[in-house]
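# Structural overview for review
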Amino acid sequence: MKDNMVLVFKTSVSANEEVKQLRPLLNKLIRQNGNWNFDLEDCDNILRVETQLLKADNISTALQNQGFYCEELP
């Protein structure tokens, strides 16, 4: 079984209402294979994603298609 990897993104998501808006999309992307959360207290509005299967580009593109800035951090 593959290990989960943690992907970290800088985003423009800054409010809980925006997190609620993105919840169905992120849940659908990640399904049962991982977890996600936002740290809105961080100055970069960090999104952390634990996944076995998803690539960072899939996540950043999905958020950008919803009108949010999203860039993977090294």
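Notes on the structure in this doc start here.

Calculation notes
Residues numbered from 1 in each chain as written. Predicted model: local features only at pLDDT ≥ 70, side-chain atom pairs only at ≥ 80, totals over all residues. Heavy atoms only, no water. Helix = DSSP H or I, 4+ residues; strand = E, 2+ residues; numbered from the N terminus. Buried < 20%, exposed > 50% of the residue type's maximum accessible area, 1.4 Å probe, protein only. Pairing = 2+ DSSP bridges. Axes fitted to C-alpha atoms, helices over the stretch in contact; angles between N-to-C directions. Contact = heavy atoms within 4.5 Å. Salt bridge = Lys/Arg side-chain N within 4 Å of Asp/Glu carboxyl O. Phe/Tyr/Trp six-rings, centres within 6.5 Å; stacked < 30°, edge-to-face > 60°.

This part takes up the environment of Asn 27. Within the secondary structure, Asn 27 sits in helix 1 (residues 16-30). Classification of Asn 27 by relative accessible area gives partly exposed; the value is 40%.

Before going further, it helps to examine the sheet that holds strand 4 (residues 70-72). Strand order in this open sheet of 4 strands is 2-3-1-4, and the pairing throughout is antiparallel. With partners counted over all chains shown, the strands left at the sheet margins are strand 2 (34-39) and strand 4, one partner each. Averaged over all pairs of adjacent strands, the angle between strand axes in this sheet comes to 25 degrees, irrespective of strand direction. Taken together, the 5 bridges between strand 1 (residues 5-11) and strand 3 (residues 46-51) define a ladder with antiparallel strand orientation. Bridge pairing links Met 5 to Thr 51 in strand 3. Relative to strand 2, helix 1 is tilted by about 155 degrees, and along the sheet it contacts strand 2 and strand 3. Relative to strand 1, helix 2 (residues 56-65) is tilted by about 30 degrees, and along the sheet it contacts strand 1, strand 2, strand 3 and strand 4.

In this structure the tally under the stated criterion is 1 salt bridge. Ionic pairing is found between Asp 44 and Lys 10, a salt bridge with its closest N-O pair at 3.7 Å. Within this pair, whereas Asp 44 is found in the loop between strand 2 and strand 3, its partner Lys 10 is found in strand 1, the two being separated by 34 residues in sequence. In this structure Asp 44 comes out as partly exposed when scored by relative accessible area, which is 23%.

What follows is about the packing of aromatic side chains. Overall, the coordinates contain 1 aromatic pair when judged by the stated rule. A ring pair is formed by Trp 36 and Phe 38, whose centres lie 6.0 Å apart and whose planes are at 80 degrees; its orientation type is edge-to-face. Look at Trp 36 and you get buried, because its relative accessible area is 17%. Note on Phe 38: relative accessible area 14%, which makes it buried.

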